Amino acid sequence: MDHLIDPHVSRKRNSSKHWACDIREVKGSDVVELNDNKEKFSQTDDDGVASDLARPTQAEAEDAVRTLLKWAGEDPNRQGLIDTPKRVVKSYLEFYDGYKHDPREILSRTFDETGGYDEMVIMRNIRFESHCEHHMAPIIGHAHVAYIPDERVVGISKLARVVEVFAKRLQIQERFTAQIAKAIDDTLKPIGVGVVIDAVHECMTTRGVQKPGVSMVTNFMLGSFRDNSATRAEFMSMIEK
Ligand SMILES: [Zn+2]
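Everything numeric in this text was worked out from a predicted model, so none of it was measured. The written sequence of each chain sets the order in which its residues are numbered from 1. Owing to the predicted nature of the model, reporting of local features is limited to residues with pLDDT of at least 70; listing and counting of side-chain atom pairs is limited to 80 or more, with chain, interface and lining totals taken over all residues. Note that the side-chain values use all heavy atoms of the structure and ignore hydrogens as well as water.

Visitor: Explain the overall build of the protein to me, please; I cannot follow it from the model alone.
Guide: The helix and strand labels rest on DSSP assignments: H or I over at least four residues marks a helix, E over at least two residues marks a strand, and numbering proceeds from the N terminus. Within the protein, the regular secondary structure consists of eight helices and ten strands. In this scheme, a residue with accessible area under 20% of its type's maximum is buried, one over 50% is exposed, and one in between is partly exposed, where area comes from a 1.4 Å probe on protein chains only. Classification of the 241 residues of the protein by burial places 39% in the buried group. Only heavy atoms matter for contacts: two residues are in contact if any of them lie within 4.5 Å across the pair. Long-range pairs, those at least 24 residues apart, make up 65% of the contacts in the protein between residues at least 6 apart in sequence. Per-residue and other accessible areas follow the Shrake-Rupley method at a 1.4 Å probe size, with only the shown protein chains counted as cover for residues. Surface exposure of the protein reaches about 13,800 Å², of which carbon and sulfur atoms provide 51%.

Encoded structure:
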């Protein structure tokens, strides 16, 4: 690092935030039990637009998997495939578990006692598995998350948990990156936040253009990470080690 640059200069938040792209975000969801044994998901995005989606029953979901097996050219009644719909539906509960959790709630328990610590906190190489919203194909990669606390810090496992919650939803990498940064910014009100994600999209490596070995890198910076090139450079140098 260039030690001639005082790290405490220009770390103040820039109050006028502006976004690099148009981002819409699902802010948590409620699950409501209905009489007909179906669940109803209620979601509200950033624009305040609520959408109520009737959730199919497990039997309906398994039927849909049988349809896709037939679409692929298989016989769903073949011995080896008999239990496949049940397994696929069960695996969806894991793949898409993130809709049930609110990242802002996860980050809400903060510690005010920072002991005067005002340097960068970095959690790097947070491994995640997500799925792209265009093909429902796996996105596998690592997230690097950093912030400079103002008055509040959060338990470091919570940063990994927030990555996990957003990963367990259908995603595009750009929005995923921004959602993590904005959730931290909204709850911790830090001096700055930086998120870098490096991931392989299997929809690109196993189909379509079929380019194995290609990864996509996105970053989203807020506050001092956006305004101060020295802060950004410090973050980048720490995650490249
Ligand atoms: Zn895709």
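Picking up after the structure, the text goes on.
Visitor: Sorry, what's going on with unusual backbone geometry here?
Guide: A positive phi angle is found at N125, which is not glycine, with a value near 60°. Mapped onto the elements, N125 comes out in strand 5 (residues 121-132). Classification of N125 by relative accessible area gives partly exposed; the value is 48%. One non-glycine residue, M136, lies in positive phi territory at about 55°. When you line up the elements, M136 lands in the loop between strand 5 and strand 6 (138-148).

Visitor: I'm lost on the confidence of the model for the protein in this one. Help?
Guide: Residues at a pLDDT of 70 or more form 78% of the protein, whose mean pLDDT is 82. Scored from 0 to 100, pLDDT reflects the predictor's confidence in each residue. Per-element averaging of pLDDT across the protein places strand 1 (residues 26-33) at the bottom with 34 and helix 1 (residues 58-71) at the top with 98. Segment residues 1-42 is flagged for pLDDT under 50; beyond a separation of four residues in sequence, or across chains, it makes 95 contacts in the model. Predicted confidence is poor over residues 46-50, with pLDDT under 50, and the contacts of this stretch with residues over four places away or in other chains come to ten contacts.

Visitor: I would appreciate a short explanation of the sheet that holds strand 6 in the present structure.
Guide: What links the strands of a sheet is backbone hydrogen bonding, and the strands pair in either a parallel or an antiparallel sense. Two strands are counted as paired when DSSP detects at least two bridges linking them. If you walk across this open sheet you meet the five strands as 8-5-6-9-10, and the pairing is mixed. With partners counted over all chains shown, the strands left at the sheet margins are strand 8 (170-171) and strand 10 (216-223), one partner each. Bridge count between strand 5 and strand 6: nine bridges; the pairing is antiparallel. Each bridged residue has a counterpart across the sheet, and for M123 the counterpart in strand 6 is V145. Between the N-to-C directions of two axes lies an angle of 0 to 180 degrees, each axis being a line fitted to C-alpha atoms and, for a helix, fitted only over the stretch in contact. Against the sheet, helix 4 (residues 156-167) touches strand 5, strand 6 and strand 8, its axis set at about 20° to strand 5.

Visitor: What should I look at first to understand the environment of D150 in this one?
Guide: Looking at where D150 falls in the secondary structure, it is placed in the loop between strand 6 and strand 7 (153-154). Measuring from C-alpha to C-alpha, the distance between D150 and D118 comes to 6.7 Å, with 32 residues separating the pair along the chain.

Visitor: Would you take a moment to explain the coordination of the zinc ion for this structure?
Guide: Tetrahedral coordination by four donors sets the ideal angle at the metal to 109.5 degrees; octahedral coordination by six donors sets it to 90 or 180 degrees. For the zinc ion, the full set of protein donor atoms is C132 (SG), H135 (ND1) and C203 (SG), at a range of 2.2 to 2.3 Å. Only nitrogen, oxygen and sulfur atoms within 2.8 Å of the metal, or 3.2 Å for Na, K and Ca, are treated as donors, and water is left out, so sites may look incomplete. All donors of the zinc ion belong to a single chain; written as a sequence motif, their spacing is C-x2-H-x67-C. Taken together, the positions of C132 in strand 5 and C203 in helix 6 (residues 202-205) put the pair 71 residues apart, joining distant regions of the chain. In terms of burial, C132 and C203 fall into one category: buried.

Visitor: How should the pattern of salt bridges be read in this particular structure?
Guide: Oppositely charged side chains can form a pair if their charged atoms are brought close together. Whenever a carboxyl oxygen of Asp or Glu lies within 4 Å of a side-chain nitrogen of Lys or Arg, that contact is scored as a salt bridge. Following the criterion strictly, the structure yields eight salt bridges and no others. For R66, the salt bridge identified is with D63, shortest N-O distance 2.7 Å. Here R66 and its partner D63 are both found in helix 1, three residues apart, which amounts to about one turn of the helix. For R66, a relative accessible area of 27% translates into the label partly exposed. D63 gets classed as partly exposed once you look at its relative accessible area, which sits at 43%. The residue E74 makes a salt bridge to R78 at a minimum N-O spacing of 2.9 Å. Given the relative accessible area of 39%, R78 is considered partly exposed. When salt bridges with common partners are traced through the structure, they connect E62, D63 and R66 into a single cluster.

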